[in-house]
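Single-letter residue listing:
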Amino acid sequence: MADLAPPGSEDRFRLLAEAFFEGIAITEHGILLDCNLQMAQLFGYPRTELLGRSVIDFVAPEHRALVAEAMRAGGTGAYEHDMLNPHRGRIPVEVRARQATIDGRNVRVTA
């Protein structure tokens, strides 16, 4: 049997996030705090280059107001917009988000 990290460990949650087929991101006030490999590929940059950047920078200009309002309002319904990937150009995406608290911080988890 494989050696598994104890429940609740950061390694176990990272493995789960990386195994997921969709991109997952955690933001605070629109700033990217963390994301899985699939989300980094969608953005078109290595994860290390994304952290600390505003997600609005990767949204098509005509959709930035829509995304900013969705983040401000904290809505959980699905909405669509185009992302800008430096290698693949415009990518239409459907976004669903949920508010969460991590280490006492109010964040937004997006898939």
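Description of the structure in this document.

## Re the overall build of the protein
Logical step 1: Scanning the protein from terminus to terminus reveals four helices and six strands.
Logical step 2: For the protein, the sequential pattern of α-helices and β-strands runs α-β-β-α-α-α-β-β-β-β.
Logical step 3: Within the protein, the proportion of its 111 residues that are buried is 36%.
Logical step 4: Taking all contacts inside the protein whose residues are at least 6 apart in sequence as the whole, residues at least 24 apart take part in 31%.
Logical step 5: Of the roughly 7,200 Å² of accessible surface on the protein, a fraction of 58% belongs to carbon and sulfur atoms.

## Regarding the pattern of salt bridges
Logical step 1: Going through the model one piece at a time under the given rule, you end up with six salt bridges.
Logical step 2: With its nearest N and O atoms 2.6 Å apart, the salt bridge here joins Arg47 to Asp34. Of this pair, Arg47 sits in helix α3 (residues 47-50) while Asp34 sits in strand β2 (residues 31-35), placing them 13 residues apart in sequence.
Logical step 3: For Arg47, a relative accessible area of 28% corresponds to the partly exposed category.

Thresholds applied
- Residues numbered from 1 in each chain as written.
- Predicted model: local features only at pLDDT ≥ 70, side-chain atom pairs only at ≥ 80, totals over all residues.
- Heavy atoms only, no water.
- Helix = DSSP H or I, 4+ residues; strand = E, 2+ residues; numbered from the N terminus.
- Buried < 20%, exposed > 50% of the residue type's maximum accessible area, 1.4 Å probe, protein only.
- Contact = heavy atoms within 4.5 Å.
- Areas by Shrake-Rupley, 256 points an atom, 1.4 Å probe, with all protein chains shown as cover.
- Salt bridge = Lys/Arg side-chain N within 4 Å of Asp/Glu carboxyl O.

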